[in-house]
Amino acid sequence: MLAVHLVSFFFTKLKEDPTKKVDRFLHAMRLHDDQLNDISARFQAEMKKGLSAESNAAASVRMLPTHVRSTPDGSEKGQFLALDLGGSKFKVLQVKVREGMGIRKGGVEMDEKTYSIPKEVRNGRGSELFDHVSESLKDFLLERNISLEKKHPLAFTFSFPCEQSALDQGLLLSWSKNYSARGLQGKDVVQVLRDSIDRTGGMDIEVLAMVNDTVATMMTCGFDDQYCEVGLIIGTGTNACYMEELRHVDLVEGDEGRMCVNTEWGGFGDDGALSDYTTEFDRDVDDASNNPGRQIFEKMVSGMYLGELVRLVVLKMAKVGKLFDGRVSDALRIKGKITTAHVAAMEEYKNGLTNTRIILEELDLTPSDDDCVAVQHISTIVSFRSSNLVAAGLAAILSRIKKNRNKRGLRITVGVDGTVYKTHPQYPKRLHKVVRRLLPECHVRFVLSDSGSSKGAALVTAVAQRLASRKRQVDETLSSFRLSQEQLKLVKARMRAGLEAGLKTKGPSAIKMLPSFVYHTPDGTEHGKYLALDLGGTNFRAMLVNFKKGLQQNARLYHKIYTIPLEIMQGTGEELFDHLAQCVSDFLDYMGMKNARLPAGFTFSFPCEQTAIDTGTLVSWTKGFKATDCEGHDVVSMLREAIKRRNEFDLDIAAVVNDTVGTMMSCAYEDPQCEIGMIAGTGTNVCYMEEVKNIEKAVQKKGKTEEDKGTPDEEQDKADAEMLKMCINTEWGGLGDDGSLDDIITPYDTEVDQNSVNPGKQRFEKLTSGMYLGEVVRQVLLDLTRGGLLFRGHVTETLKTPGIFQTKYLSQIESDRLALLQIRSILQQLGLNSNCDDSIIVKEVCGAVSRRAAQLCGAGMAAVVDKIRENRGLDHLNITVGVDGALYKLHPRFSGVLKETVKIMAPQCNVTFLPSEEGSGKGAALITAVARKKQEM
Ligand code: BG6
Ligand code: BG6
Ligand code: GLC
Ligand code: GLC
């Protein structure tokens, strides 16, 4: 009895189930769901690392931005050539895309030819590889009778990791799979391709877009299925891409919308993150590969390595006596003798075992039935592990998308391609099942990419082509705003001529050069309490300034801001000045000083003819003011009369000053080198200290008032010495009113001028100041929209509304941080519905207009500083410009471009810009202090 049992025991031992034996041997390759979840979590962490700017450089999963911002929307169209390099086949294609039709409805037609790439070319010199590619392209054109004369847009599927900063550019980071051509790493492969096409010659090809195969696969499937937002390749190599929220893609500017990210997940584990899951067989495959230590995940998953893994396991099991009675053939020892195609054949339903026997016999082995079952099972474990790992990776991506969208469930389609997925009989089913098990709450659909990635590449290219032609047209429109150095030199020369002409008494001059009767900058002896009123910038300000003798930094200021309603700006003069008197009354109440008859300085930021410091006749309104009965009248008297009419308080208005003059004085209080004042705000203007001898009009006036000229009196000499210079309010905004800027004025500027309250006047100001820049931008946007290049061609009422773009919006639009998001929300606020591409164009338009403004002011300033330098007979001048205005202070680029231009245009001057801290009011108060001191003397 016992003997019978023993015999049966040995029999069962000998007849052990061959699959169990393999299971035990390969237990490390059999991954359970908890392990898959663990791998999935690790992959999620790697994705995060790759997306972040700080950790990207060190990340093994590179998460490369692709610059593909949307999946197909059906509007793509055109005829393209395509190259598909990097999968198991190299193909040249012609792809025709018809608008508005899915692939299945015949929206895409393709004609393709496969060209071989010899191993020595794949692994030879990079330029030879690309020459081979471009010669194949030419062969295709000739064979298919495609015109060589015509220009052909080309889409390039290049299935290797590339760092892209645009769709038509990509630096090869490293080769993978079976490619290792020399001299291309770090190079822009699009350029390399263009160079090769040029070398081959005889073709006119425009390479418009380069995409990874995963991206192209996603796009192909996305043409028919709007839910397709993931592309997956399980072929020679393996990889996945997906649509990520742009706000998470640190390496690309912008927060709005999505961008496709090429994960390059083949590199997962290159930093050891998978070392507890890799087996001795994985390590052997890696050691013997082209790229040891790299693409660890790919080597566990993809077609290039699966057969080899199976061979190494079979070899090892045979060597330890678990297969073929311990016999090993020479063929089995040779790398590559078992391929992924063999693995697929061995796992075929019904014929699998027969196939296995044939394959093993071809390797000079004599397998038993059990050996065949065991080897087939090895294949199953190896390929099952592959699909399990892909499922874990996909689960990580899908969970991320789900989290991004803040959704409990997710409906999504994965576009898939690659020989393993397409030819292995069990692979797709296993993969789908595990993904659905790992993510029960997601509705995941898998769609096989319909004949390769080239359609997708063509779709990307169609969008790129549309964008490229749009960019060309936008560039063309904006080219008239881009000034050359020569043009800027001309502007400087014209400004200089204008300054000189304005100083003369005879002849009209576009630049008025108004004497200010301010003869010197502050000396620190000013003291006392003064009221300053400030009209003409964005707001009206009333201010109380208290100077303490010798304490330059300690002037105390109290102020209040009042807005001037449009109806007051453009009503009657009396209404305007009554309104000012009312604001002053309010301010005095606020300060509790109604009864103190304070000396007051009046900053009045419009051109005034002055004959003394306390009178000023308004020459003409600027900047949108047009109150009646003011031009030709003394504004000080008008203010005095309004105060009198109010009969409530009294003021001693001792000085009227332009804002430039006030600003210069205010800054000169801190910096004695400050002899220029500049405003870049609602309007633009400059004042500077000119030699009195050069001011014909002032010299005449001085002669009239000083009857005792020539008296050898010490006091008089001192007074004369003090009056060697006088501040001139240039009113440079008028440059061009005589037509001298007509060659740089664009039709958009003309439109803005025509729609203004003072057509034909202040032409320089209308090119450079805050009040007009937004309008210039609006005119350009209108034109671009009418041309169908913006806002999908919809010219809305909002866009037709004058004044919608204020300077503050321009400043925000051009700021770098959060730019795209801000632009879209600003445009939204303004009632303009924009997409990402629209916002990029709007930003570009703002940039061109504001840069031109800053450059023109720079050229103008260069003329002013050079004049001062020459006045003083100096080779080199150090000078400070006191500056104010919202454009200078708030715009992110204006001041930088201004300074840069002055430096280039006036190389013999060292110009420092000092922003005015308290506005021009303090300066006006200083002037008042001096005027009152003089009176007291
Ligand atoms: C093809 C695509 O169908 O699949 C290629 O057109 C891609 O772009 C390839 O690289 C991936 O699979 P395999 O098996 O050829 O590497
Ligand atoms: C203010 C000055 O700070 O700047 C005003 O006090 C001046 O006098 C103004 O007119 C200019 O800037 P904006 O941007 O208000 O026109
Ligand atoms: C390799 C490449 C990757 C490609 C994949 C599939 O992993 O690095 O770019 O997508 O193979 O072809
Ligand atoms: C306008 C005015 C000028 C003022 C400038 C800045 O150009 O004419 O006087 O200085 O705006 O406010």
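- Per an unreviewed UniProt entry, the recorded name for the protein chain is Hexokinase-3, and the organism is Amphiprion percula.
- The annotation that UniProt attaches to the protein chain under Function (unreviewed entry) is "Catalyzes the phosphorylation of hexose, such as D-glucose and D-fructose, to hexose 6-phosphate (D-glucose 6-phosphate and D-fructose 6-phosphate, respectively). Mediates the initial step of glycolysis by catalyzing phosphorylation of D-glucose to D-glucose 6-phosphate."
- Its UniProt record, at the heading Sequence similarities (unreviewed entry), says of the protein chain: "Belongs to the hexokinase family."

Looking at the sheet that holds strand 23 (residues 684-691)
Step number 1: Strand order in the open sheet made by the six strands is 14-24-23-22-25-26, with mixed pairing throughout. Each edge of the sheet is formed by a strand with only one pairing partner; in this case those strands are strand 14 (514-515) and strand 26 (909-915).
Step number 2: Across seven bridges, the pairing between strand 25 (residues 877-884) and strand 26 is parallel. Bridge pairing links leucine 877 to cysteine 909 in strand 26.
Step number 3: Contacting strand 22 (674-680), strand 23, strand 24 (725-729), strand 25 and strand 26, helix 21 (residues 659-668) runs over the sheet at an angle of about 130° to strand 22.

Examining the site of ligand 3
Step number 1: Taken together, 15 residues are adjacent to ligand 3, and Lys177, Asn212, Asp213, Glu264 and Glu298 come closest.
Step number 2: One of the side-chain N or O atoms of aspartate 213 is found 2.5 Å from an oxygen atom in ligand 3.
Step number 3: Within the complex, the protein chains bury 99% of what would otherwise be the 310 Å² of accessible surface of ligand 3.
Step number 4: Residue classes in the shell around ligand 3 are distributed as three nonpolar, eight polar and four charged.

Brief notes about the nonpolar core
One recurring pattern in soluble globular proteins is that nonpolar side chains are buried together.
Step number 1: By size, the foremost hydrophobic cluster in this structure holds 102 residues, and its most contacted members are Ile676, Met678, Met861 and Phe913.
Step number 2: When residues of this core are assigned to their parent elements, the largest contribution, 17 residues, is made by helix 29 (residues 836-871).
Step number 3: Not counting residues within four places of it along the chain, the set of residues in contact with methionine 861 comprises Ile676, Met678, Val686, Trp732, Val881, Val902 and Phe913.
Step number 4: Judged by nonpolar contacts, the second largest core, of 85 residues, contains Val314, Ile338, Ile397 and Val414.

Side note on the site of ligand 2
Step number 1: Taken together, 15 residues are adjacent to ligand 2, and Asp534, Thr538, Asp659, Thr682 and Asp884 come closest.
Step number 2: Arginine 541 places a side-chain nitrogen or oxygen 3.4 Å from an oxygen atom of ligand 2.
Step number 3: With respect to ligand 2, the backbone of alanine 886 contributes an N or O atom lying 2.8 Å from an oxygen atom.
Step number 4: Split into classes, the residues belonging to the shell around ligand 2 amount to two nonpolar, nine polar and four charged.

With respect to the environment of arginine 824
Step number 1: Turning to its location among the elements, arginine 824 is positioned in helix 28 (residues 819-829).
Step number 2: By relative accessible area, which is 21% here, arginine 824 ends up partly exposed.
Step number 3: C-alpha of arginine 824 to C-alpha of valine 842: the two residues are 18 residues apart in sequence and 9.6 Å apart in space.

Observations regarding the sheet that holds strand 8 (residues 204-211)
Where strands meet in a sheet, backbone hydrogen bonds hold them as pairs that are either parallel or antiparallel.
Step number 1: Strands sit in the order 4-3-2-5-8 across an open sheet of five strands; the sheet is mixed. Each edge of the sheet is formed by a strand with only one pairing partner; in this case those strands are strand 4 (108-115) and strand 8. For this sheet the average axis-to-axis angle between neighbouring strands, irrespective of direction, equals 25°.
Step number 2: With seven bridges joining them, strand 2 (residues 78-85) and strand 3 (residues 90-97) adopt antiparallel strand pairing. In the sheet register, aspartate 84 faces strand 3, and the bridge partner there is lysine 91.

With respect to the packing of helix 29 against helix 31 (residues 894-905)
Step number 1: Put simply, helix 29 and helix 31 touch, their axes get as near as 7 Å, and they point 40° apart. Between helix 29 and helix 31, the crossing angle belongs to the class labelled oblique. By crossing handedness, the relation of helix 29 to helix 31 is classed as right-handed. Counted together, Ser850, Arg851, Ala853, Ala854, Gln855, Cys857, Gly858, Ala859, Met861, Ala862 and Asp866 of helix 29 and Phe894, Val897, Leu898, Glu900, Thr901, Val902 and Met905 of helix 31 form the full contact between these two elements.
Step number 2: Of the residues in the contact of helix 29 with helix 31, the class split is eleven nonpolar, four polar and three charged.

Thoughts on the confidence of the model for the protein chain
Step number 1: With 93% of its residues at a pLDDT of at least 70, the protein chain reaches an overall mean of 91.
Step number 2: When the criterion is pLDDT under 50, residues 6-13 qualifies, and its contacts beyond four places in sequence or with other chains add up to zero contacts.
Step number 3: Of the regions scoring below 50 in pLDDT, residues 701-711 engages in ten contacts with residues more than four places distant in sequence or in other chains.

What to know about the domain arrangement of the protein chain
Step number 1: When its domains are assigned, the protein chain resolves into domain 1 (17-45 + 275-448) and domain 2 (67-211 + 451-472).
Step number 2: Here the C-alpha centre of domain 2 lies 32 Å away from the C-alpha centre of domain 1.
Step number 3: Taken together, the contacts link ten residues of domain 1 with eleven residues of domain 2.
Step number 4: Carbon and sulfur atoms make up 43% of the area that domain 1 and domain 2 hide from each other, which totals about 620 Å².
Step number 5: It is Asn290, Arg294 and Met304 in domain 1 that bury the most area against domain 2; as a group they hold 48% of the surface buried on that side.
Step number 6: Seen at the junction of domain 1 and domain 2, the total is zero salt bridges.
Step number 7: Inspection of the region where domain 1 meets domain 2 yields one residue pair in polar contact (both at pLDDT 80 or more).
Step number 8: Broken down by class, the residue content of the side of domain 1 that touches domain 2 amounts to three nonpolar, four polar and three charged.

Structural notes on the packing of aromatic side chains
Step number 1: Going through the model one piece at a time under the given rule, you end up with 27 aromatic pairs.
Step number 2: Consider the rings of phenylalanine 130 and phenylalanine 156, whose centres lie 6.2 Å apart with planes at 85°: the pair is edge-to-face. Of this pair, phenylalanine 130 sits in helix 5 (residues 126-143) while phenylalanine 156 is found in strand 5 (residues 151-158), placing the two residues 26 residues apart along the sequence. Phenylalanine 156 carries the same exposure label as phenylalanine 130, and that label is buried.
Step number 3: An angle of 45° between the planes, with centres 6.1 Å apart, marks the rings of tyrosine 530 and phenylalanine 547 as tilted. One end of the pair, tyrosine 530, is in strand 15 (residues 528-535); the other, phenylalanine 547, is in strand 16 (residues 540-547), with 17 residues separating them in the sequence. Phenylalanine 547 shares its class with tyrosine 530; the two are buried.
Step number 4: Lying across the ring of tyrosine 179, arginine 122 places its NZ or CZ 6.0 Å from the centre.
Step number 5: The lysine or arginine in question, lysine 623, covers the ring of phenylalanine 606, its NZ or CZ lying 4.8 Å from the ring centre.

Calculation criteria
Residues numbered from 1 in each chain as written. Chains lettered and ligands numbered in written order. Predicted model: local features only at pLDDT ≥ 70, side-chain atom pairs only at ≥ 80, totals over all residues. Heavy atoms only, no water. UniProt positions renumbered as here; feature names shortened; annotations may be inferred. Pairing = 2+ DSSP bridges. Helix = DSSP H or I, 4+ residues; strand = E, 2+ residues; numbered from the N terminus. Contact = heavy atoms within 4.5 Å. Axes fitted to C-alpha atoms, helices over the stretch in contact; angles between N-to-C directions. Near = heavy atom within 4 Å. Polar contact = N/O pair within 3.5 Å; in protein donor to acceptor, adjacent residues only side chain to side chain. Areas by Shrake-Rupley, 256 points an atom, 1.4 Å probe, with all protein chains shown as cover. Nonpolar A, V, L, I, M, F, W, Y, C, P; charged D, E, K, R; others polar. Core = buried A, V, L, I, M, F, W, Y, C linked by side-chain atoms within 4.5 Å. Buried < 20%, exposed > 50% of the residue type's maximum accessible area, 1.4 Å probe, protein only. Parallel < 35°, antiparallel > 145°, perpendicular 65-115°, else oblique. Left-handed = near helix turned anticlockwise from the far one by under 90°. pLDDT = per-residue confidence, 0-100. Domains from an automatic or database assignment. Buried area = accessible area lost by both parts, 1.4 Å probe. Salt bridge = Lys/Arg side-chain N within 4 Å of Asp/Glu carboxyl O. Phe/Tyr/Trp six-rings, centres within 6.5 Å; stacked < 30°, edge-to-face > 60°. Lys NZ or Arg CZ within 6 Å of the ring centre and 35° of its normal.

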